[in-house]
Amino acid sequence: AQSVTQPDIHITVSEGASLELRCNYSYGATPYLFWYVQSPGQGLQLLLKYFSGDTLVQGIKGFEAEFKRSQSSFNLRKPSVHWSDAAEYFCAVGARASGSRLTFGEGTQLTVNP
Amino acid sequence: EADIYQTPRYLVIGTGKKITLECSQTMGHDKMYWYQQDPGMELHLIHYSYGVNSTEKGDLSSESTVSRIRTEHFPLTLESARPSHTSQYLCASSAPGLARSGANVLTFGAGSRLTVL
C-alpha cells in the first residue's frame, strides 16, 4: 500500500524568502505524485503533478517540485513566497494498482510573515 | 471557477437527524469521490464511484452511504448523525488521465463542514 509523509506540520517564512516543503512517499513502483493547496474554508486546488519524464515539474503560482526516486521524495519549492501563499499544502500519491484513488499526507500549514 | 459544487457549505445539526450532503459536477467526469477531513489532518477516502450505479467503500470506514444514479450527482447520506460525524467532507471528481497512467487528476469541491451537536 502507498503512504505519504509530510514531516513538517507547520512552517513559517518571511515574505520574499524561499520555501521548501518536504514530502516522502512509500510505494513499490513509480508513483504518481501531486501537490495540492487548500485555503481556509476551501477545497483543494492542484498545484502540480508528476506522472513520468522530467523529474522537475512546474506548477501554477510559481511553484515547482522535484521527484527524487533515490530519496523517495517529492519536495515542493518556491523561490520567493508571497503573503497570498499562506495556506495548507498536501502531498498525495497515486498508483496504478489503486487507479485514481489518492493517498494524502497530513499536510503542512504555511504561515507567511510580512 | 468551480465546476464541482457542494451544498450545504456549513451545517449544524442535532444528534439523530438524517442529513444528505449534495455534490454535483458539470464536467461529465465518470469518477467521483468523498473524502473526510478532520481539522489539521489528512484526507481520508470514504467512498468512490467509477460511474453510474457503481459505488465502493474507501480506505476509511464510514457509517455514511452514497448513491450514483446520475453521472453528475454523488450525494452522501448519514441516516442518524452523531457528534463523531463532525468533520469536513470534500467531494472530488476526475476525468480519465493519461492512457499509461492509473492516476487521474482530482478536482475538488469547496467542502461541506458538518457539526453534530
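Residues numbered from 1 in each chain as written. Chains lettered and ligands numbered in written order. Predicted model: local features only at pLDDT ≥ 70, side-chain atom pairs only at ≥ 80, totals over all residues. Heavy atoms only, no water.

Participant: Would you mind showing me how to read the overall build of chain A here?
Facilitator: When you go through chain A residue by residue, the secondary structure sums to 0 helices and 12 strands. Listing every helix and strand of chain A by position from the N terminus yields β-β-β-β-β-β-β-β-β-β-β-β. The C-alpha radius of gyration of chain A comes to 14 Å, within 12% of the 13 Å expected for a compact globule of 114 residues. In chain A, which comprises 114 residues, the share counted as buried stands at 48%. The contacts of chain A with a sequence gap of at least 6 include a subset with a gap of at least 24, amounting to 54%. Roughly 5,100 Å² of accessible area belongs to chain A as shown, and the carbon and sulfur atoms make up 48% of that amount. (Helix = DSSP H or I, 4+ residues; strand = E, 2+ residues; numbered from the N terminus. Rg over C-alpha atoms; globule rule 2.2 N^0.38 Å. Buried < 20%, exposed > 50% of the residue type's maximum accessible area, 1.4 Å probe, protein only. Contact = heavy atoms within 4.5 Å. Areas by Shrake-Rupley, 256 points an atom, 1.4 Å probe, with all protein chains shown as cover.)

Participant: Can you walk me through the confidence of the model for chain B in this structure?
Facilitator: For residues with low pLDDT, the predicted coordinates do not support detailed interpretation. Predicted confidence across chain B gives a mean pLDDT of 89, with 91% of residues reaching 70 or more. Across chain B, element-level confidence peaks in strand E3 (residues 19–25) of chain B with a mean pLDDT of 97 and bottoms out in strand E10 (residues 106–108) of chain B with 90. (pLDDT = per-residue confidence, 0-100.)

Participant: I would appreciate a short explanation of the pairing of strand E1 (residues 4–7) of chain B in the present structure.
Facilitator: Look at any regular strand and the pattern is simple: side chains alternate between the two faces of the sheet. Residues and elements named next belong to chain B. Alternating positions in E1 separate cleanly, Ile-4 and Gln-6 being buried on one face and Tyr-5 and Thr-7 remaining unburied on the opposite face. As paired elements, E1 and E3 share 4 bridges and run antiparallel to each other. Looking at the pairing, Ile-4 lines up with Gln-25 of E3. (Pairing = 2+ DSSP bridges.)

Participant: Explain the interface of chain B and chain A here, please?
Facilitator: One frequently used descriptor of interface size is the decrease in accessible area upon assembly of the parts. Counting residues at the interface gives 28 residues for chain B and 23 residues for chain A. Between chain B and chain A, roughly 2,100 Å² of surface is buried when both sides are summed, and carbon and sulfur atoms account for 52% of that area. Our count for the chain B to chain A interface comes out at 0 salt bridges. The interface formed by chain B and chain A includes 4 residue pairs in polar contact (both at pLDDT 80 or more). Among the secondary structure elements, those contributing two or more residues to the side of chain B that touches chain A are strand E4 (31–37), strand E5 (43–51), strand E9 (87–94) and E10 of chain B. Here the residues of the side of chain B that touches chain A sort into 15 nonpolar, 8 polar and 5 charged. (Buried area = accessible area lost by both parts, 1.4 Å probe. Salt bridge = Lys/Arg side-chain N within 4 Å of Asp/Glu carboxyl O. Polar contact = N/O pair within 3.5 Å; in protein donor to acceptor, adjacent residues only side chain to side chain. Nonpolar A, V, L, I, M, F, W, Y, C, P; charged D, E, K, R; others polar.)

Participant: Help me out: how do you make sense of the state of the cysteines in this one?
Facilitator: In a disulfide, the sulfur atoms of two cysteines are held together by a covalent bond. Within the structure shown, the criterion is met by 2 disulfides over all chains. The disulfide partner of Cys23(A) is Cys91(A), and the S-S distance across this bridge is 1.9 Å. Because the sign of the S-S torsion sets the handedness, a value of about -65° for the bond joining Cys23(A) and Cys91(A) places this disulfide among the left-handed ones. Linking Cys23(A) in the loop between strand E3 (19–21) and strand E4 (24–26) with Cys91(A) in strand E10 (residues 87–94), this pair joins segments that are 68 residues apart in sequence. When its relative accessible area of 0% is taken as the criterion, Cys23(A) is described as buried. A residue is classified by how much of its surface remains accessible, and Cys91(A), at 0% relative accessible area, is buried. What pairs with Cys23(B) in a disulfide is Cys91(B), and their sulfur atoms sit 1.9 Å apart. On the sign convention where negative means left-handed, the S-S torsion of about -75° between Cys23(B) and Cys91(B) marks this disulfide as left-handed. Of the two residues, Cys23(B) is situated in strand E3 and Cys91(B) in strand E9; the sequence distance between them amounts to 68 residues. With respect to class, Cys23(B) is no different from Cys91(B); both count as buried. (Disulfide = S-S within 2.5 Å.)

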